[in-house]
Amino acid sequence: MKKLNVAIIGQGRSGRSIHGAYYLSERNQYFNVKYVVEMDARRRKIAEEMYAGAKSLSDYTELFDKTDVDLVVNVSYSEMHYAITKDLLQHGFNVLVDKPFAKTRYECDDLIKTAKEKGVLLAVFHNSQPSPFFVHAQKLIADGVLGDVKQVSIRYSGFSRRWDWQTLQKKVGGSAYNTGPHPIALALGFLDFDKNTKVVYSKLDLALTSGDAEDYVKILLSAPNKPLIDIEINSTDAFSGYNLKIQGSKGTLMSTPSWYKLKYIVDGENPYQPVIEESLQDENGAPLYCSEKLIAHEESGDYEGTAFDIGTAEVYKSVYNALVNGEELFVTPEQASMVISVIETAHAENPLPLKF
């Protein structure tokens, strides 16, 4: 199998610890790091040591005269994603851009249009969609184990604070743009990326952050004949306990990326109870509360892998197959554009004052 040459822009936490970790792992059968673009000289030196044979560059425009690059991975600062990605596309490069795709729906759709005009591939790094815990949840729903799903609750919360660039609006920071693409992409996945999806409620607020971008996010999504999706990213939740809870007419799934618990009923094991209009009472006429013990089944287990290993590998595998075999991307840019549309709507409904 021929490996494709990659140029990666950025060696910050994501560039080195997520993308870089993948390049150096056994899961990477598809890509060879040819160039590393990094403004910081110290990081360039480290990158050349990490990726044997790779050449480091200080500016991404130095790639424009390179003819041996099959894919550019844009892991620059969030506010740079749109401009750099568009420049790369216009110069004929295939691009995988990290989340957030861009700041606005217009920017996302403009990048999609540019890629089509130039005949190049545009992909977005959403590594939670192929993660094991989400794939498992989708299968349970498709198999009917949970019945008619009424509500999905997604929690990416904790009890912590930040004071880095990710807390600044001018850097396209805040929990909605930084963490939000993960749960929002899952939420839209549970809604089948229905184009009629609406933000029925949103709230953005500041709690423990040192910056001016939100660290509290609450978004409710729904679509016709689809469940209500409750998304929360909350820096003040010390007792969240789960990342995903799905409640259906036959059961409930509760999970994190590491483990799951499932409780459900099976058709035929709990016969239909006809409605009794009168007050319930025992043989002596004493009132009874209407209750029963359902025959239910319980399961629990652990997941092998998370978004940061399995999910990342699946995204890269999909990009490779799209480039080499013409296959459709597992995560399409149109899906990623919908994610940004939700975030943009929440910001429009909850404008926060600029302080920096």
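Data block above holds the structure.
Here's what I pulled together on the structure shown here. A quick note: this is a predicted structure, and the numbers were derived from the prediction, not measured.

Under the counting rule described, the total for this entry stands at 13 aromatic pairs. Between Phe 31 and Tyr 316 the ring centres are 5.4 Å apart and the planes differ by 65 degrees, which places this aromatic pair in the edge-to-face class. Placement of Phe 31 in strand 2 (residues 31-37) and of Tyr 316 in helix 8 (residues 307-325) is noted, with a sequence separation of 285 residues between them. Each member of the pair Phe 31 and Tyr 316 is classed as buried. Considering the side-chain rings of Phe 31 and Tyr 320, the 6.0 Å spacing of their centres and the 90 degrees angle between planes classify their relative orientation as edge-to-face. Note that Phe 31 is positioned in strand 2 and Tyr 320 in helix 8, a separation of 289 residues in sequence. Comparing Phe 31 with Tyr 320, the two get one shared label, buried.

Below, the discussion takes up the sheet that holds strand 1 (residues 4-9). Across the sheet, six strands lie side by side as 3-2-1-4-5-6; this open sheet has parallel pairing. At either end of the open sheet lies a strand with only one pairing partner, and these are strand 3 (55-57) and strand 6 (122-125). With direction set aside, neighbouring strand axes in the sheet form an average angle of 25 degrees. The pairing of strand 1 with strand 4 (residues 71-74) spans four bridges and is parallel. Across the sheet, the residue bridging to Ile 8 is Val 73, located in strand 4.

Turning our eyes to something else, we now look at the side chain of Asp 98. Secondary-structure assignment places Asp 98 in strand 5 (residues 95-98). Buried charged residue Asp 98 carries no salt bridge. Nearest counter-charge: Lys 99, at 5.6 Å. A polar contact is formed between the side chain of Asp 98 and the side chain of Ser 14, at a distance of 2.8 Å. In terms of polar contacts, Asp 98 uses its side chain to reach the side chain of His 19, at 3.1 Å. Discounting residues that sit within four places of it in the chain, Asp 98 has contacts with Ser 14, His 19, Asn 74, Val 75, His 81 and Phe 125.

Oppositely charged side chains are able to pair whenever their charged atoms sit close together. Under the definition given, this model contains 19 salt bridges. Linking Arg 162 and Asp 164 is a salt bridge whose minimum nitrogen-to-oxygen distance equals 2.5 Å. We classify Arg 162 as partly exposed; its relative accessible area is 38%. Judged by its relative accessible area of 29%, Asp 164 falls in the partly exposed class. Overlapping salt bridges, with partners in common, bring together Arg 155, Lys 218, Asp 230 and Glu 232 in one network.

Judged by nonpolar contacts, the single largest core of 68 residues is most densely connected at Phe 101 and Leu 221. With seven residues, helix 9 (residues 333-349) is the largest single contributor of residues to this core. Counting residues in hydrophobic clusters, the runner-up holds 27 residues, among them Ile 18, Tyr 51, Val 319 and Ala 322.

Cut-off values and rules
Residue positions are given per chain, counting from 1 as you read along its sequence in written order. Owing to the predicted nature of the model, reporting of local features is limited to residues with pLDDT of at least 70; listing and counting of side-chain atom pairs is limited to 80 or more, with chain, interface and lining totals taken over all residues. As a rule here, side-chain values come from all non-hydrogen atoms in the structure, and water together with hydrogens is ignored. Whether two aromatic rings pair depends on their centres lying within 6.5 Å, for rings of Phe, Tyr and Trp, where Trp uses its six-membered ring; planes under 30 degrees apart make the pair stacked, over 60 edge-to-face, and the rest tilted. Put simply, DSSP H or I for four residues or longer makes a helix, DSSP E for two residues or longer makes a strand, and each gets a number counted from the N terminus. Burial here depends on accessible area, computed with a 1.4 Å probe over protein chains only, as a share of the maximum for the residue type. Under 20% is buried, over 50% is exposed, and the range in between is partly exposed. At least two bridges found by DSSP between two strands is the condition for calling them paired. Angles run from 0 to 180 degrees between N-to-C directions of axes, and those axes are lines fitted to C-alpha atoms, restricted for helices to the stretch in contact. The sign given to each residue is positive for Lys and Arg and negative for Asp and Glu; His and the chain ends receive no count. In what follows, salt bridge is the name for a side-chain nitrogen of Lys or Arg lying within 4 Å of a carboxyl oxygen of Asp or Glu. Polar contact is defined as a pair of N or O atoms within 3.5 Å, subject to the rule that within protein one atom must be able to donate a hydrogen and the other to accept it, and that residues adjacent in sequence are counted only when both atoms are side-chain atoms. We call two residues in contact when some of their heavy atoms are within 4.5 Å. In this description, a nonpolar core means a group of buried Ala, Val, Leu, Ile, Met, Phe, Trp, Tyr and Cys residues linked to one another through side-chain atoms lying within 4.5 Å.

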